[in-house]
Amino acid sequence: MSTTIEVTGVVKKFGPVTALNNLDLSVQTGEVHGFLGPNGSGKSTTIRILLGQLHADAGTATVLGGDAWRDAVQLHRRLAYVPGEVNLWPNLSGGEVIDLLARLRGGIDTRRRDELIERFDLDLRKKGRAYSKGNRQKVAIVAALASDVELLILDEPTIGLDPLMEAVFQECINAEKDRGRTVLLSSHILSEVEALCDRVSIIRSGAVVETGTLTELRHLTRTAITAEVETVPADLHTATGVHDLVVEGSRVRFDVDSADLDRAMRVLVAGGVRGLTATPPTLEELFLRHYGERVGADATASAAPTDGVNRHQQAAVR
Amino acid sequence: MTATLEVTTAPVRSRTTRDRFTGTGTLIRLNLRRERTPLSAWVLSVGVVAASTFSTIAALYPDPAERTVLAASIATNPAFMAITGPVSSTSIGAVSAWRVGAVGTSLVGLMAIFTVIRRTRADEETGRTELLASAVVGRAAPLVAAVTVAIGASLAIGLLVTLAGIGSGESAVGSAAFGVAMAGCGLVFAGVAAIAAQLAESSRTAVGIACAVLAGTYGLRAIGDVKPALSWLTWLSPQGWANHVGSFGDNNFAVSALFVLATAVALGVAAWLLDRRDLGLAMFPARLGPASNSRLHSPAALAARLQRGSLIGWLVGMAALGAVTGGVASTSSDLLTGNPQLEELMAKIGGAGAITDMLLSAMGVLAGLIVGGYAISTALRMSTEETADRVGPVLATAVSRPRWMSGHLVFVIVGPVLLLAVAGLVGGLINSLQVGDLSSGFGGAMGAMLVQVPATLVLGGLAVALFGWLPRFTSVAWVALLIALLLGQLGQLLQLPPWLMDLSPYTHIPTVPTADMRWTPVIVLTLIAAGLIAVGIAGFRRRDVS
């Protein structure tokens, strides 16, 4: 499988602030790739390097086989972009903006545009300053999806959309995937990423800390087990990979590392299982685990009073 | 349910007049914090110019007899009368006030306009006012706070100018009258800007409306001062009132009541309009646009769409300036006195030669400075687009950075040529109609205007270069225009060193039609402008886009 986006060792500094610190990112052709990270972690900076709007201080950024900075104009014929913060020209109507952006990209599929406008229920005749945030976002989404391109780069595209439009957006992205297009989707909405993405990269403090399919990522975390047993096996307390074991009479609750799941089950079965619930980790847990680590790291670095606050946050995380 | 509704709406209905101004004090402090750099620059530079003019006039014209000749020559010379207005007496103070007041009153007006619009309509446009208005802030508070700060700055200029006069040993009463005349113009245009901020939805248009009023009242005063039959026109203009105060002459303080009255009326109208519109919107509801537009297909088409409105407005304004030039120039042809002392002084203003030519040259210089402002604001439209995050989506399409810039650069380059050509065309036609000779009347006006093009291009080029390399310091281009204006208006009179004068591109422009055309400086300036634009493009190609 070929790669559409290949970023290696990219560093970007803004004065004293290091926004990207040795960032690697790889997006396969034809996949929907989720790009997750807390605010200020460098998602938009990465995207703007991919678009050739920022010049990386070190490292390489390759998009569709070309250099993101040097070949920007040629590459942009083959990709479409939706910014997180859509600002329209106050005196241009939404229809004019859609036409303009699509034409600047090299052409517009008018039938597809009309179809999208209908699905997103967009009023084209309003001027830029009269649109609400969600409607400005819809203008940019329609302009991007109506273009005949190989790659879609979407920077938190659904912020401001209502749940109905969010559903329409997910249908459209799935349709794009079926047509063989590659999508890089930066998002905060984990259910959206879970529903759409084949693979996910989690970015933290300017570097990708985790990347893989959702199954692979889940493998890195723990499954929550709740079971009714005839007798609680004594080995369960010492079994490797079992954490936070709680025994309430004949009922046991624990988390187990995915790698040790098989061994833990054998131990459990020895006690005679009458009922069992296994909950796979959600993407939210994955995300919060990385986010939580950062909170924990901050706590050790800072003084005692804030430590209490952070522990409280961590408690909320779990 | 109904009862609850009544309870919650009651306080809104009983809103008192005082509520309208709640939070004004806090907003004034916020405005002072945000405006401290530009306002100190305005106030100090006008103060310094006034102070240095008093001392220079005293050194240049120590002899009362000399000043009598000067005063007489001003009164009989339409070129002076049109651009600066009459002088009130033969004292050093009066001549200084005449020279400073000519540009000074309009500068104070511009300061008031920029300050008020920045802190009203521009804040509304960006949504900052929405954030503030959701706090405990009265509906009229942002407007009152903006106007208060602008009026305060105008009064500070008035005070500084007064102190400059007294400090130079001039009469305290005359100095105070001069201070009142300067500050009064600031007051009136703060009021005009307050109205403009209610009418237009964009701050750009609001500034345009207010500046058009300022240019219009300048024109009314110019016509009234040149044509005795129309002298009543000067009473319709704040700049005219400033002359009617007659600082260091009649010291007619009663005229200052006109400033206060006009300001009060303007602010009343602004407040009345404010109550009749919604936050963020203008008086007139926005029209719907087309659902589709196949002509909007290139960066050039987009730039044209964004720039055309302001170009049309400027063309109308420059046609009006041309009309005033043509109308005033023709009446001056038969007033040549041949007085050597007069000619020496005239040489300091526009060059030697016939009075008509002199007036045309002087108006050409004025037009050149104004169009320099157009070149800068047009170039900095690129900066506005970038800070508003509207460049990113365009550059994410198959558009290169130079191609995106080129759409705007067309206006930076062709716009000034068109504007000066229109002023020359209208001025030349009116002049030749009145003279009755198309051949002699037309060329002078056209030449005086078009010769300014290279200097305006240099300023536009400077703005492009700043945008390419130092996007955070694009306002330096405006400072350059202000310096060029002050050097041009006062440099020769203040006998500033040549190297300082040479900093302004306008210094190098031959004073056509008074002087002969010299192509070398014109070509060199054009090359410098081209170089600056190329440097700007190169800079934007390699820098990060925010």
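Quantities reported herein were computed from a predicted structural model and do not represent experimental measurements.

A.B. asks: Looking at this structure, how should I read the overall build of chain A?
C.D. replies: Each helix and strand in chain A was counted, giving eleven helices and 14 strands. Once the C-alpha set of chain A is aligned to its principal axes, its extents read approximately 70 × 45 × 45 Å. Residue pairs at least 24 apart in sequence account for 68% of intrachain contacts in chain A once pairs closer than 6 positions are excluded.

A.B. asks: Before we go on, may I ask you to explain the sheet that holds strand β14 (residues 273-279) of chain A in this structure?
C.D. replies: By definition, the strands of a sheet pair up through backbone hydrogen bonds, in either a parallel or an antiparallel sense. Residues and elements named next belong to chain A. The four strands are arranged β12-β13-β11-β14 in an open sheet whose pairing can be described as antiparallel. Two strands close off the open sheet at either side, each with one partner strand: β12 (242-248) and β14. If you compare each strand with its neighbour and ignore which way they point, the axes differ by 15 degrees on average. Strand direction decides the pairing type here: β12 and strand β13 (residues 251-257), joined by five bridges, are antiparallel.

A.B. asks: Sorry, what's going on with the interface of chain A and chain B here?
C.D. replies: Reports often express the size of an interface as the amount of accessible area lost when the parts come together. At the junction of the two partners, chain A supplies 30 residues and chain B supplies 29 residues. Of all the secondary structure elements, the ones that give two or more residues to the side of chain A that touches chain B are α2 (72-76) and α3 (94-105) of chain A. Sorting elements by how many residues they give to the side of chain A that touches chain B places α3 of chain A first, with eight residues.

A.B. asks: In this structure, what is going on with the domain arrangement of chain B? I would like to understand it.
C.D. replies: Residues and elements named next belong to chain B. Taken domain by domain, chain B consists of domain 1 (20-283) and domain 2 (298-546). Taking only C-alpha atoms into account, the centre of domain 1 sits 24 Å from that of domain 2. Elements that contribute at least two residues to the side of domain 1 that touches domain 2 include exactly α2 (24-60), α3 (64-76), α4 (78-83), α5 (92-119) and α10 (203-226). Examining the composition of the side of domain 1 that touches domain 2, we find that eight residues originate from one element, α10, more than from any other. Tallied by class, the residues present in the side of domain 1 that touches domain 2 amount to 13 nonpolar, eight polar and three charged.

A.B. asks: Explain the confidence of the model for chain B here, please?
C.D. replies: Detail in the predicted coordinates should be disregarded across regions flagged by low pLDDT. Residues and elements named next belong to chain B. Residues at a pLDDT of 70 or more form 91% of chain B, whose mean pLDDT is 88. With pLDDT under 50 throughout, residues 1-14 is counted as low confidence; its partners more than four residues away or in other chains account for zero contacts. Long-range and interchain partners of residues 333-337, a stretch whose pLDDT sits below 50, account for nine contacts in this model, where long-range means more than four residues apart. For this predicted complex, the interface score ipTM comes out at 0.77, while the overall pTM is 0.81.

A.B. asks: Explain the packing of helix α4 (residues 110-120) of chain A against helix α5 (residues 133-145) of chain A here, please?
C.D. replies: Think of two packed helices as two axes; the pair is described by the angle between the axes and how far apart they sit. Residue and element names in this part refer to chain A. Where α4 contacts α5, the two axes come as close as 9 Å, and the packing angle between them is 150 degrees. The orientation of α4 relative to α5 falls into the category roughly antiparallel. Regarding α4 and α5, the two cross each other, and that crossing is right-handed. Contacts between α4 and α5 involve Arg113, Leu116, Ile117 and Phe120 from the former and Lys138, Ile141, Val142 and Leu145 from the latter. The residue inventory of the contact of α4 with α5, partitioned by class, reads six nonpolar, no polar and two charged.

A.B. asks: Where do I start with the pairing of strand β3 (residues 32-36) of chain A in this structure?
C.D. replies: A regular strand carries its side chains on alternate faces of the sheet. Residue and element names in this part refer to chain A. In terms of residue burial, β3 counts as a mostly covered element, since five of its five residues are buried. Alternating positions in β3 separate into two faces, Val32, Gly34 and Leu36 on one and His33 and Phe35 on the other, with burial throughout. Sheet analysis places β3 next to strand β8 (residues 182-187), joined by five bridges and oriented parallel. In the sheet register, Gly34 faces β8, and the bridge partner there is Leu185. Direction of pairing for β3 relative to strand β9 (residues 199-204): parallel, over a ladder of four bridges. When the bridges of β9 are listed, His33 appears paired with Arg199.

A.B. asks: Would you mind showing me how to read the nonpolar core here?
C.D. replies: Inside soluble globular proteins, nonpolar side chains tend to come together where they are buried. Within the largest apolar cluster, 239 residues are counted, with the highest numbers of intra-cluster contacts made by Val142 of chain A together with Ile113, Val116, Ile117, Ala193, Ala194 and Ala210 of chain B. Excluding anything up to four places from it in sequence, Ala210 of chain B contacts Ile113, Ile117, Phe189, Val192, Ala193 and Ala196 of chain B. Core analysis: the next-biggest nonpolar cluster, separate from the first, contains nine residues, Val242, Val252, Phe254 and Val256 of chain A among them.

A.B. asks: Got a minute to help me understand the sheet that holds strand β7 (residues 151-155) of chain A in this structure?
C.D. replies: All names here are of chain A. The sheet built from six strands is open, its strands ordered β6-β7-β8-β3-β9-β10 with mixed pairing. Single-partner strands in this sheet number two, and they are β6 (79-82) and β10 (207-213). The mean inter-strand angle of the sheet, taken between neighbouring strand axes irrespective of direction, is 15 degrees. Here β6 runs beside β7; their pairing, made up of four bridges, is parallel. Counted as the bridge partner of Ala80 is Leu152 from β7. Strands in contact with α5 are β6 and β7; relative to β6, the strand with the most contacts, it is inclined by about 175 degrees.

A.B. asks: Help me understand the environment of Val10 of chain A in this model?
C.D. replies: Residues and elements named next belong to chain A. Secondary-structure assignment places Val10 in strand β1 (residues 3-14). C-alpha separation for the pair Val10 and Leu23, spaced 13 residues apart in sequence, amounts to 4.9 Å. Among all residues touching Val10, those that are not within four sequence positions of it are Leu20, Leu23, Ile49, Ala56, Ala58, Gly59 and Ala61.

A.B. asks: Even after reading the chapter, I still don't get α4 of chain A, so can you show me in this structure?
C.D. replies: Structurally, the α-helix is built with 3.6 residues per turn, so residues lying three or four positions apart point the same way. All names here are of chain A. Looking only at α4, the buried set comprises Arg113, Leu116, Ile117 and Phe120. Buried residues of α4, seen end-on, are gathered within an arc of 100 degrees and therefore sit on one face of the element. Summarising the geometry of α4, the exposed residues directed more than 90 degrees from the buried face are Arg111 and Glu118. Contacts from the buried residues of α4 go to α3, α5 and α6 (163-178).

Conventions and cut-offs
- Every chain begins its residue count from 1, and numbering advances along the sequence as written.
- All chains are assigned letters beginning at A, and all ligands numbers beginning at 1, according to the order in which they are written.
- Per-residue local features are limited, in this predicted model, to residues with pLDDT of at least 70; the limit for side-chain atom pairs, both in listing and counting, is 80 or more; totals at the level of whole chains, interfaces and linings are taken over all residues.
- Secondary structure counts use DSSP, requiring at least four H or I residues in a row for a helix and at least two E residues in a row for a strand, with both numbered from the N terminus.
- Residues are treated as contacting if the C-beta atoms built from their backbones sit within 7 Å of each other.
- For two strands to be treated as a pair, DSSP must find at least two bridges joining them.
- Only C-alpha atoms enter the line fits that serve as axes; for helices the fit covers just the stretch in contact. Angles between N-to-C directions range over 0 to 180 degrees.
- Boundary definitions for the domains trace back to an automatic or database domain assignment.
- Note on residue categories: nonpolar means Ala, Val, Leu, Ile, Met, Phe, Trp, Tyr, Cys or Pro, charged means Asp, Glu, Lys or Arg, and polar means any other residue, Gly included.
- What pLDDT conveys is the predictor's confidence in a given residue, as a value from 0 to 100.
- In what follows, roughly perpendicular refers to angles from 65 to 115 degrees, roughly parallel to angles under 35, roughly antiparallel to angles over 145, and oblique to any angle outside these ranges.
- Crossing handedness is defined as follows: a turn of the near helix away from the far one that is anticlockwise and smaller than a right angle gives a left-handed crossing, while the clockwise case is right-handed.
- Partly exposed residues are those whose C-beta has more than 12 but fewer than 20 other C-beta atoms within 10 Å; with 20 or more the residue is buried, with 12 or fewer it is exposed, and the C-beta atoms are placed from the backbone.
- Remark: nonpolar core denotes a set of buried Ala, Val, Leu, Ile, Met, Phe, Trp, Tyr and Cys residues whose joining runs through C-beta atoms within 7 Å.
- To obtain the arc, one takes the directions from the helix axis to the C-beta atoms.

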